[in-house]
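Spelled out from the first residue to the last, the chains are:
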Amino acid sequence: MDVKIDPTWKEVLQPVFEQPFFQSVVLHLKTEKATGKVIYPPGSLLFNAFNKTPFPEVKVVILGQDPYHGQGQAMGLSFSVPRGIKPPPSLVNIFKELQVDIGLKIPSHGDLTQWAEQGVLLLNAALTVRANEPNSHAQIGWHEFTDHVIQTLSEKRSGLVFMLWGRFAHDKSPLIDETRHCILKAAHPSPYSADKGFFGCRHFSKANQYLVSNGQTPVDWHLD
């Protein structure tokens, strides 16, 4: 199957694209679109996280659950929204933690593209969602695909930081070799759970400390 994705990712994921489960994902999306369903993000941004962060450049992985389901929000990067769109509550809480952790001024927008371009893979476990129906594509095969992505990063790269927020993300830790990578776990930044261990986790400074200790350039978390 010829998937439009960054060539470095295409090379390592080609065997996955050929598997029946992935082809059923594609069929499912085509069928829903043919029946008039609105799906986010738009097709051109489906693999935005991969295109903005080529495989050899990944340094940090921030795992989200599924794309935002409101109009104009989803842009193919976990937790990120385009400029001009009000940052959702979880993203606001991420910015609050960044402010406490590293002194980041709260940005005026929620576009995290600058992080992605520095090697932060902003990966959602499901890459699509039906409009106004959260988790509506959680069971169509995307999780199997993104599990392969996490395992491939774990096996073929070393010295990465995986930020796993919330129980859903914590359940992905068996896919990651802890002897080769840094796993940081905390509560989800959602308003329902941020005060149960996300606030005060200091993951952003911890990630940079790990990267520097492994001879890598730290991430500049500031957003222009």
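Here we summarise the structure given alongside this text. (Residues numbered from 1 in each chain as written. Predicted model: local features only at pLDDT ≥ 70, side-chain atom pairs only at ≥ 80, totals over all residues. Heavy atoms only, no water.)

Broken down by element type, the chain carries 8 helices and 6 strands. Overall, the chain shows an N-to-C arrangement of helices and strands of α-α-β-α-β-α-α-β-β-α-β-α-β-α. Relative to the 2.2 N^0.38 estimate, which gives 17 Å for 224 residues, the radius of gyration of the chain is 17 Å and therefore close to what a compact globule would have. Taken over the C-alpha atoms alone, the chain extends approximately 50 × 35 × 30 Å along its principal axes. In the chain, of all internal contacts separated by at least 6 residues, the share reaching a separation of at least 24 is 67%. Approximately 10,200 Å² of the chain is accessible, and the part contributed by carbon and sulfur atoms is 52%. Between the centroid of the 21 positive side chains of the chain and the centroid of its 21 negative side chains there is a distance of 4 Å. (Helix = DSSP H or I, 4+ residues; strand = E, 2+ residues; numbered from the N terminus. Rg over C-alpha atoms; globule rule 2.2 N^0.38 Å. Contact = heavy atoms within 4.5 Å. Areas by Shrake-Rupley, 256 points an atom, 1.4 Å probe, with all protein chains shown as cover. Lys, Arg positive; Asp, Glu negative; His and termini not counted. Charge placed at Lys NZ, Arg CZ, Asp CG, Glu CD.)

This brings us to the sheet that holds strand β2 (residues 60–64). Read across the open sheet, the 4 strands follow the order β3-β2-β5-β6; overall the sheet is parallel. Each edge of the open sheet carries a strand with a single partner, namely β3 (120–124) and β6 (182–186). Ignoring which end each strand starts from, the neighbouring axes of this sheet average 20° apart. In this structure, strand β5 (residues 161–165) lies alongside β6, joined through 5 bridges in parallel fashion. Each residue of the ladder has a partner; that of Val161, found in β6, is Cys182. Each of β2, β3 and β5 touches helix α6 (residues 142–156); the most contacted strand, β3, lies at about 155° to it. (Pairing = 2+ DSSP bridges. Axes fitted to C-alpha atoms, helices over the stretch in contact; angles between N-to-C directions.)

On to the pairing of β3. The buried count for β3 comes to 5 of 5 residues, which makes it a mostly enclosed element. Side-chain alternation along β3 places Val120, Leu122 and Asn124 on one buried face and Leu121 and Leu123 on a second face that is also buried. Strand direction decides the pairing type here: β2 and β3, joined by 5 bridges, are parallel. The partner of Val61 across the bridge, within β3, is Leu121. (Buried < 20%, exposed > 50% of the residue type's maximum accessible area, 1.4 Å probe, protein only.)

Our focus in this paragraph is the pattern of salt bridges. Applying the stated criterion to the full structure yields 7 salt bridges. Among the salt bridges present, the one from Asp101 reaches Arg202, with a minimum N-O distance of 3.5 Å. Highlighted residues: Asp101 in helix α4 (residues 89–102) and Arg202 in the loop between β6 and α8 (203–213), separated in sequence by 101 residues. For Asp101, a relative accessible area of 7% puts it in the buried group. With relative accessibility at 34%, the residue Arg202 sits in the partly exposed group. Its salt-bridge partner being Asp195, residue Lys196 comes within 3.9 Å of it at the nearest N-O pair. Across this residue pair, the class does not change: Lys196 and Asp195 are exposed. (Salt bridge = Lys/Arg side-chain N within 4 Å of Asp/Glu carboxyl O.)

Here Asp111 lies in the loop between α4 and α5 (113–116). With no salt bridge to any partner, buried Asp111 finds its closest opposite charge in Arg83, at an N-O distance of 4.1 Å. Other than its neighbours up to four places away in sequence, Asp111 contacts Met75, Ser80, Val81, Arg83 and Leu223.

Our focus in this paragraph is the packing of α4 against α8. Running from N to C, α4 and α8 point in directions that differ by 60°, and their axes come no closer than 8 Å. Here α4 is positioned oblique relative to α8, judged by the angle of their axes. Facing Ile94, Glu97, Leu98, Asp101 and Ile102 of α4, the residues of α8 in contact are His203, Phe204 and Ser205. Among the residues forming the contact of α4 with α8, the class breakdown is 4 nonpolar, 2 polar and 2 charged. (Parallel < 35°, antiparallel > 145°, perpendicular 65-115°, else oblique. Nonpolar A, V, L, I, M, F, W, Y, C, P; charged D, E, K, R; others polar.)

With that out of the way, let us pick up the packing of aromatic side chains. Tallied over the full model, the rule gives 18 aromatic pairs. Aromatic side chains Phe17 and Phe22 sit 5.0 Å apart centroid to centroid with 55° between the ring planes, which places their arrangement in the tilted category. Each member of the pair Phe17 and Phe22 is classed as buried. Each ring, one from Phe22 and one from Phe145, has its centre 5.3 Å from the other, and the planes form 50°; the classification is tilted. A residue pair is termed long-range when its members are at least 10 positions apart, and Phe22 in helix α2 (residues 20–34) and Phe145 in helix α6 qualify at 123 residues. The rings of Trp9, Phe17, Phe22, Phe47, Phe50, Phe55, Trp142 and Phe145 are connected pair by pair, giving a single aromatic cluster. (Phe/Tyr/Trp six-rings, centres within 6.5 Å; stacked < 30°, edge-to-face > 60°.)

That is the geometry; function is a separate question.
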